[in-house]
Amino acid sequence: MHQDDTNDIDALHQLFDHIIDEGVGVILDTHSFDALHVRLRELMRPLAQAIVSEAGEDADDSQVDQAARAIATRAALDLWNHTPIPDNHFRPYKMDKPERNAPCPCGSQRKYKQCCGAVDSPSLTLPPDEMAARVLKRLPKERIGEIGALGVPVHTLGMVAQAWFEQERFDDVVALLEPVFKDVRGLDERAELAADVLGNAWLALGDEARRLELIATLKRAPDKTLKSAAFQREATLNCDRGDFPAAWAAFGQAQRLTPNNPTLAHLEVLLLLADGREAEARARVDFWTAKLSRDPEFDHSELIGLLHQMLDLGRVDERLAALPEDYPERRLLLHVEIEGIEPPIWRRLEVENSLTFAELHDILQTAMGWDDAHLHEFIVGEYRIGPAFEAEWDEPALPGEEVELGQVIGRKKSFRYLYDFGDGWSHRITIEQRLPSTPTERPAVLLAGKRACPPEDCGGVRGYYRLLNALARPDSEENRETLEWLGDYKPDAFSLASVRKDVASLFRRI
Ligand SMILES: [Zn+2]
């Protein structure tokens with residue numbers, strides 16, 4: 001789909017969302033169809049304007065008025081008939097579609113068929129869940145407790161509670177949902193979301209006892225899915241505490257209750273990884289991948305992706321844990337040079353080996369003169385180290401934020417820094433000397449350097465040489481465009497004093 005179309009559809013979606021919300025507000029505040037119609041007429045005017053001008057007519061005001069009036073009438077009828085009214089036992093007021101010869105509900109005093117009924121306008125999509133949620137979120141606090149008794153579907157309550165939870169209205173979530181779980185006999189899997197949100201609210205409120213109580217209550221539910229959800233919660237809880245026998249016992253219960261529930265896949269892999277049983281986790285991911293992809297009813301590709309991601313992260317955690325915590329602190333004298341370019345573009349720096357690779361990345365970007373506009377990666381012996389969560393390879397890189405130079409450099413003489421996987425700038429970083437650490441000085445200092453780093457996105461080493469050639473023959477017509485693109489780039493320019501200051505300012509001292 002074209003980008004503009006997507007934006008248009010988004011904008012339209014937002015407009016309708018706003019209109020529906022406003023309409024619901026007017027109905028609840030005024031209980032008046034006429035007031036609703038007046039408000040919708042205002043809100044629909046921009047849309048009416050668009051429709052009239054789309055029809056190729058000169059948008060004269062009365063035409064726009066009439067269009068807005070007709071669309072508003074249709075929308076008002078839809079909204080009126082689908083907005084559950086708290087004082088009406090959460091049932092909508094109802095108004096039949098007018099007879100053709102009846103007076104138009106827009107108040108025009110004309111017959112419906114000659115007024116708004118004559119215009120073909122689309123109806124609004126107003127699913128009951130969504131409408132109930134729109135109403136509930138406007139309900140005054142003191143009435144929240146009543147809702148449970150009013151026959152609002154429990155899944156809707158879950159949705160409303162979820163929205164409140166995201167607004168950190170934890171007390172309201174509790175007030176809304178606590179009554180629901182007083183008696184679990186009539187509840188089924190549709191209560192799962194509500195149960196989840198309530199449990200999370202207790203957690204957010206720091207009330208561990210109530211959370212456990214909720215789990216215990218749900219374990220008594222006659223509905224298997226709900227009961228299984230409770231055991232799954234218990235498993236997670238025990239896993240967080242490091243009590244794996246209890247976690248596995250709860251998992252086993254959940255598995256017996258709902259052996260085919262896909263959420264078990266996630267839980268099982270989570271438990272195996274937390275329990276340090278990586279090989280089994282890998283085997284189970286294969287098992288679940290095969291099983292889930294055979295499901296003819298649902299597309300589980302998102303869950304399957306998540307399972308594989310969990311394995312990757314587990315592997316990263318494991319490799320991070322295997323790195324040495326302690327290493328001799330040193331100040332490294334580094335020589336950095338972009339590979340494959342003559343005359344060389346290079347810098348010489350001193351850095352403390354207690355810096356992280358993420359910090360070294362910032363230092364190199366500044367020292368070289370890059371814009372930090374692309375992905376990067378360090379290759380240090382067998383280690384690949386990059387920004388967290390950016391790698392999409394089979395074997396994800398270790399997160400540069402969490403690895404210090406001293407943990408992996410050891411006795412190595414050099415390592416590499418790749419910047420921009422498109423242009424492929426490879427920097428060879430040679431460790432020229434290992435000096436005693438000087439913690440009282442700035443952790444990184446630029447000492448020397450030559451030549452400007454290539455312009456971003458110039459096409460790698462080959463593109464860079466093309467630029468040099470163009471600069472050497474500025475009068476040639478074919479080079480004109482290239483030189484315009486280059487601006488005032490000077491390949492041999494490098495101001496040590498100013499770049500040294502930039503590097504220093506990365507580590508401002510108070
Ligand atoms: Zn009318």
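So, here's what we can say about the structure. Predicted model only: the values in this text are computed from it and were never measured.

**Some points on the coordination of the zinc ion**
Where a metal carries four tetrahedral donors, each ideal angle is 109.5 degrees; where it carries six octahedral donors, the ideal angles are 90 or 180 degrees.
Move 1: At the metal site, the zinc ion is ligated by Cys104 (SG), Cys106 (SG), Cys115 (SG) and Cys116 (SG), and these contacts range over 2.2 to 2.3 Å.
Move 2: One can describe the donor arrangement at the zinc ion as tetrahedral, given that its four donor atoms subtend angles of 104 to 113 degrees at the metal.

**Looking at the packing of aromatic side chains**
Move 1: If you walk through the whole model with that rule in mind, you get 12 aromatic pairs.
Move 2: For the pair Trp80 and Tyr93, a centre-to-centre distance of 5.3 Å together with 35 degrees between the ring planes defines the contact as tilted. Linking Trp80 in helix 3 (residues 61-82) with Tyr93 in the loop between strand 2 (91-92) and helix 4 (128-136), this pair joins segments that are 13 residues apart in sequence.
Move 3: Classification of Trp80 by relative accessible area gives buried; the value is 7%.
Move 4: Each residue in the set Phe357, Phe378, Phe415 and Tyr417 is aromatic and connected to the rest through ring pairs, giving one cluster.
Move 5: Sitting over the ring of Phe287, Arg284 keeps its end group 4.1 Å from the ring centre.

**Observations regarding a negative patch on the surface**
Move 1: Residues Glu359, Asp362, Asp371, Asp372 and Asp457 make up a contiguous surface patch of negative charge.
Move 2: Of note, Asp457 is situated in the loop between strand 10 (444-450) and helix 16 (460-472).
Move 3: You can call Asp457 partly exposed: its relative accessible area is 47%.

**Looking at a positive patch on the surface**
Move 1: Where like charges cluster on the molecular surface, the positive patch consists of Arg330, Arg411, Lys413 and Arg434.
Move 2: Tracing the sequence through the fold places Arg411 in the loop between helix 15 (405-409) and strand 8 (414-419).
Move 3: The class for Arg411 is exposed, based on a relative accessible area of 80%.

**Some points on the pattern of salt bridges**
Move 1: One pass over the structure, following the stated rule, counts 32 salt bridges.
Move 2: Between Arg416 and Glu339 there is a salt bridge, and its shortest N-O distance comes to 3.6 Å. One end of the pair, Arg416, is in strand 8; the other, Glu339, is in the loop between strand 3 (330-338) and strand 4 (346-352), and 77 residues separate them in sequence.
Move 3: Using a relative accessible area of 28% as the deciding quantity, one classes Glu339 as partly exposed.
Move 4: One salt bridge connects Arg384 with Glu377, and the closest N-O pair in it is separated by 3.2 Å.
Move 5: The exposure class assigned to Glu377 is buried, which follows from its relative accessible area of 8%.
Move 6: A single salt-bridge network, built from bridges that share partners, covers Asp17, Asp21, Glu130, Arg134, Lys137 and Arg138.

**Here we look at the nonpolar core**
Move 1: Counting residues in each nonpolar core, the largest one holds 64 residues, and the members touching the most others are Leu40, Leu79, Leu176, Leu177 and Phe181.
Move 2: A total of 10 residues in this core trace back to one element, the largest contributor, which is helix 3.
Move 3: With sequence-adjacent residues up to four places away left out, Leu176 is seen in contact with Ile144, Ile147, Leu157, Val160, Ala161 and Trp164.
Move 4: In terms of nonpolar packing, the next biggest core, distinct from the first, is built from 48 residues, Phe415, Tyr417, Ile431 and Ala470 among them.

About the thresholds
Residues numbered from 1 in each chain as written. Predicted model: local features only at pLDDT ≥ 70, side-chain atom pairs only at ≥ 80, totals over all residues. Heavy atoms only, no water. Donors = N, O, S within 2.8 Å, 3.2 Å for Na, K, Ca; no water. Tetrahedral: all angles 85-135°; square planar, octahedral: opposite > 155°, others 65-115°. Phe/Tyr/Trp six-rings, centres within 6.5 Å; stacked < 30°, edge-to-face > 60°. Helix = DSSP H or I, 4+ residues; strand = E, 2+ residues; numbered from the N terminus. Buried < 20%, exposed > 50% of the residue type's maximum accessible area, 1.4 Å probe, protein only. Lys NZ or Arg CZ within 6 Å of the ring centre and 35° of its normal. Patch = residues over 30% accessible without salt bridge, like charges linked within 9 Å, V, L, I, M, F, W, Y side chains within 5 Å. Areas by Shrake-Rupley, 256 points an atom, 1.4 Å probe, with all protein chains shown as cover. Salt bridge = Lys/Arg side-chain N within 4 Å of Asp/Glu carboxyl O. Lys, Arg positive; Asp, Glu negative; His and termini not counted. Charge placed at Lys NZ, Arg CZ, Asp CG, Glu CD. Core = buried A, V, L, I, M, F, W, Y, C linked by side-chain atoms within 4.5 Å. Contact = heavy atoms within 4.5 Å.

It is worth stressing that arrangement in space is one thing and function is another; only the former is reported here.
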